[in-house]
Structure formats: C-alpha cells, structure tokens
Amino acid sequence: MGKTFCKRTKKIMVNGSQFHCVINEIPSNKFVNFKVYSSKTSYFEVLFTWEGSWHFIPHKPKNCERLIIYAIETGWEYSIEKKTLKIEQGDFLIDKLGLDV
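Residues numbered from 1 in each chain as written. Predicted model: local features only at pLDDT ≥ 70, side-chain atom pairs only at ≥ 80, totals over all residues. Heavy atoms only, no water.

Let us now look at the pattern of salt bridges. One pass over the structure, following the stated rule, counts 5 salt bridges. For the salt bridge of Lys-86 with Glu-45, the shortest nitrogen-to-oxygen distance reads 3.9 Å. Residue Lys-86 is located in strand S5 (residues 84–87), and its partner Glu-45 is located in strand S4 (residues 43–48); the two are separated by 41 residues in the primary sequence. Take Glu-45: its relative accessible area is 9%, and that puts it in the buried class. One salt bridge in this structure joins Lys-83 and Glu-77, with 3.6 Å as the shortest N-O distance. Take Glu-77: its relative accessible area is 39%, and that puts it in the partly exposed class. (Salt bridge = Lys/Arg side-chain N within 4 Å of Asp/Glu carboxyl O. Helix = DSSP H or I, 4+ residues; strand = E, 2+ residues; numbered from the N terminus. Buried < 20%, exposed > 50% of the residue type's maximum accessible area, 1.4 Å probe, protein only.)

Here it is, written out as structure tokens:
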C-alpha cells in the first residue's frame, strides 16, 4: 500500500479526554507535522522527517494514542489553556514508542 500525501484530521479519546489530531503530510512541506489539540490554544506538536515517516502511519489510532501519552508523560499540561509542547526532531519516537504501519 502506498503512502498518500495530504492533511488529515482525527479525533481520539485518551484517558477519558478528547483530542483533535492534525497530520500534515503535504509534500511541499519540509517535515511531516503531527499536531494534537486538547483545546483551541493548547497543543502538542512533533515533526518527523519524510524518511522517518515512511516507517509508520501517523494517523493510525494506536500511533496517535502513543504520541499523546508520551506528550503527557513528558510534561504537556493539556488541560491548561495555552500550554504547548513541541518536538522538532521526532524520528527517535518511532522506535522508542513502537510506532508502526
């Protein structure tokens, strides 16, 4: 199965809270952008290289859940407005969290 290049959105529940994921895989961008909102102003963002993103499916629910849990465990206070966490080089998370296809 080939990889499609587009911007996707997905809603997911983690530990009783709803999150809105936006995965941007538009080829003209330098990175694959994975952004999760818990509100209008609180979000977690991680950037993956294109090479790294070929090894997993960012919009797969289990991968979304693993990334959200990691962000929370790393200190993202998602229930507080204007709290953000950004990881600019996220490829290490692919192996660390077991993100898969």
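That shown, we press on.
What follows covers the nonpolar core. In terms of nonpolar packing, the biggest core is built from 25 residues, with Cys-21, Phe-34, Val-36, Phe-44, Val-46, Phe-48 and Leu-67 touching the most fellow members. The leading source of residues in this core is helix H2 (residues 61–73), at 5 residues. Ignoring any residue separated from it by four or fewer positions in sequence, one finds Phe-34 in contact with Cys-21, Val-22, Ile-23, Phe-44, Glu-45, Val-46, Phe-48, Pro-58, Cys-64 and Leu-67. (Core = buried A, V, L, I, M, F, W, Y, C linked by side-chain atoms within 4.5 Å. Contact = heavy atoms within 4.5 Å.)

Ordered by their spatial adjacency, 5 strands build an open sheet running S1-S2-S3-S4-S5, and the pairing between neighbours is mixed. Across the chains shown, the open sheet's two edge strands, defined by having one partner strand only, are strand S1 (7–14) and S5. Between one strand axis and the next, the sheet turns through 15° on average, direction left out of account. The strands touched by H2 within the sheet are S1, strand S2 (17–24), strand S3 (32–37), S4 and S5, with S1 carrying the most contacts at an inclination of about 65°. (Pairing = 2+ DSSP bridges. Axes fitted to C-alpha atoms, helices over the stretch in contact; angles between N-to-C directions.)

Right, let's get into the environment of Glu-51. Tracing the sequence through the fold places Glu-51 in helix H1 (residues 50–53). For Glu-51, a relative accessible area of 63% corresponds to the exposed category. In this structure, the C-alpha to C-alpha distance between Glu-51 and Arg-66, residues 15 residues apart in sequence, is 20 Å.

With that settled, the discussion passes to unusual backbone geometry. Here the phi dihedral of Asn-15 falls at roughly 50°; this positive angle occurs in a residue that is not glycine. With respect to the helices and strands, Asn-15 occurs in the loop between S1 and S2. Asn-15 gets classed as exposed once you look at its relative accessible area, which sits at 68%. Unusually for a residue other than glycine, Lys-82 sits at a positive phi of about 65°. Here Lys-82 shows up in the loop between H2 and S5.

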